[in-house]
Amino acid sequence: MKIKFKLHVLEKIREMKNLSNKFYVTTPIYYPSGKFHIGTAYTTVLADSMRRYHQLKGEDTYMLTGTDEHGQKIQEIAEKNGKAPKEYVDEMAQLAKELWAKMGVQYDDFIQTTEERHTKIVQKIFDKFMEQGDIYKGEYEGWYCVPCETYFTETQLVEGKCPDCGREVKLMKEEAYFFNMKKYVDRLIKYYDEHPDFIKPAFRKNEMINNFIKPGLEDLCVTRTSFDWGIKVLKDPKHVIYVWLDALTNYLTALGYMSDDDTLFKKYWPADLQIVGKDIARFHLIYWPIFLMALDLPLPKTILVHNWIMMKDGKMSKSKGNVIYPETLIDRYGLDPTRYFLLREMPVNQDGIFSPEAFVERYNFDLCNDLSNLLNRTVSMVNKYFEGNVPGYNGTPNQADKELEDYSTDKIKKFEEKLNEYEIANALQEIWDLIARTNKYIDETMPWTLAKEEKTEELKSSMYHLIENLRKIAILIKPFMTDTANNILRQIGVKDVDSIRWNDIYAYDSLKDMKVIEKGEPIFMRLKVDEEVEYLKSVMKKD
Ligand code: MSP
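Heads up: these notes are all about the structure in this document. What you see is a predicted model, and the numbers here were worked out from it, not measured in a lab.

## Regarding the nonpolar core
Grouped together as the largest cluster of nonpolar side chains are 102 residues, with contacts concentrated most on I324, F354, I431 and W432. Among the elements that make up this core, the one with the highest residue count is helix α14 (residues 356-386) (13 residues). Ignoring sequence-local partners within four residues, the contact set of F354 consists of I38, I309, M310, M311, K312, I324, L329, F341, F359 and M540. F129, Y191, Y192 and I213 belong to the second largest nonpolar core, which has 63 residues in total.

Rendered as structure tokens:
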């Protein structure tokens, strides 16, 4: 009794602490270049899952995404499509919103960088940097990569080509404004050292230092005159502001920074988590913190850099005919398997690979064999042996039950540790370990034998533990696969699935008066491997 009381108090304290917490997560805004392949959807689905996890914990969460709409590349694409740039980017923003709706991404705000609430503030920020002497006027000559919208020095080129995308670069010279990066370099390195949580995974810090800072960080050219689709410098309007200085500040402008109403900014800044792919790590780990230092603002708590989803034959590209779109997977297999695959197949610090075989295998093994069967077997046994009534906890677990309880507690703890480190694929692995262990428990306890031998108390305990673990598993998967989690909860008899919170996961003896549904419905049906692999290969070729 004493122990129970203590636990209860601790949980309350944890709950109160969580309630006072806030969680602001952002994803980079996108180049609206047409359709988004599953790689570009990864960052935002990951952010959505983290947000749902913190929401489940009762925290006050806020998620931002949007579209990055300025620059020469967009001007060119719009022209090719016979459209004015603004008309084109608005259409693309609409497509992005439709994709997020389809992918179950719940954001609080979607910002377009062509919106006035953004452009006006970017001009103010530019002026502030000028007044402070962080930005000065000079002349720029360098090798420019149009698709990447980035200048490179001679030494940065790889075999004379763009070091990022490998395409042709051209020598260009223009009058330009520069941001004095050198002034902030030492402060940045000191910040990296004193804030080990700032960059995750940690090896990206060394990458920044060795590849960009040690060779000598150049001042950054922050204006262009060769095109005009951008935010104009107020006092020198033939210059437009460099797309990265423009786009990065969206994380602030969306919250009303420097505007008449900065309530959200006061409440949510600094961001708790900003998620970006490895290709844009440099901008977020070097330039972005320096801009924030120059604005005298606190830096985000963590910037998570993830690797890429690749195909067996390298990068996804239309010309290779190996592109896979999220809509294709969702339309045929559903939202949750698509989200599960994306998050499960990508270790944080290594590239993940999409292949039709791997997708079908994950579906059949993880979702169908492991998860769906566990639910089905359990629901049908509770129906068979107890007319659907879930037995209560008798408080005296036998050896097998106790082992399962300890295993579950340990896995939940590990899951939290991995997720707090943003190791999503590893956190999912912890859940699937628990699913496997719970399936094994059925084979160990052999409820059918207990029934035959009329060991009713043991049979009750076995059913209780199975349902209890399914409840825990459902809570664990909820941030990633919400519909599946709710479906499991409903099938085992939880009445109000929306009221479930993270802290419910620790409880035992919470299954009072529950009745499983009369006839369990398989949540995932086995796929025919050859047929589906063939299907996926054919759609990948077509596009
Ligand atoms: N517009 C910039 C971001 C500006 S932030 C102020 C941009 N857009 S993007 O559309 O090219 O990329 C969007 C996100 O998708 C980035 O995080 C990028 O790293 C990520 N990915 C693009 N291809 C990817 C894969 N193949 N796999 C995983 N993520 C990938 O960058």
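Still to come is the rest of the account.
## A word on the packing of helix α16 (residues 424-445) against helix α18 (residues 456-477)
One way to put it is that α16 packs onto α18 with a least axis distance of 10 Å and a crossing angle of 170 degrees. By the angle between their axes, α16 is roughly antiparallel relative to α18. When α16 is examined against α18, the residues I431, W432, L434, I435, T438, Y441, I442 and T445 are found in contact with a partner set consisting of S461, S462, H465, L466, N469, I473, L476 and I477. Grouping the amino acids of the contact of α16 with α18 by side-chain chemistry returns 10 nonpolar, 6 polar and no charged.

## Comments concerning the site of the ligand
Close to the ligand lie 22 residues; I29, D68, G277, D279 and I309 are nearest. Note that a nitrogen atom of the ligand is positioned 3.0 Å from one of the backbone N or O atoms of G39. Between an oxygen atom of the ligand and a main-chain N or O atom of G277, the distance comes to 3.0 Å. Here the ligand, which alone exposes 660 Å², has 94% of that area covered by the protein. Those elements that place two or more of their residues in the shell around the ligand are α2 (38-56), α8 (243-248) and β11 (273-277). The residue makeup of the shell around the ligand, split by class, is 12 nonpolar, 8 polar and 2 charged.

Scoring rules and cut-offs
Residues numbered from 1 in each chain as written. Predicted model: local features only at pLDDT ≥ 70, side-chain atom pairs only at ≥ 80, totals over all residues. Heavy atoms only, no water. Core = buried A, V, L, I, M, F, W, Y, C linked by side-chain atoms within 4.5 Å. Buried < 20%, exposed > 50% of the residue type's maximum accessible area, 1.4 Å probe, protein only. Helix = DSSP H or I, 4+ residues; strand = E, 2+ residues; numbered from the N terminus. Contact = heavy atoms within 4.5 Å. Axes fitted to C-alpha atoms, helices over the stretch in contact; angles between N-to-C directions. Parallel < 35°, antiparallel > 145°, perpendicular 65-115°, else oblique. Nonpolar A, V, L, I, M, F, W, Y, C, P; charged D, E, K, R; others polar. Near = heavy atom within 4 Å. Polar contact = N/O pair within 3.5 Å; in protein donor to acceptor, adjacent residues only side chain to side chain. Areas by Shrake-Rupley, 256 points an atom, 1.4 Å probe, with all protein chains shown as cover.

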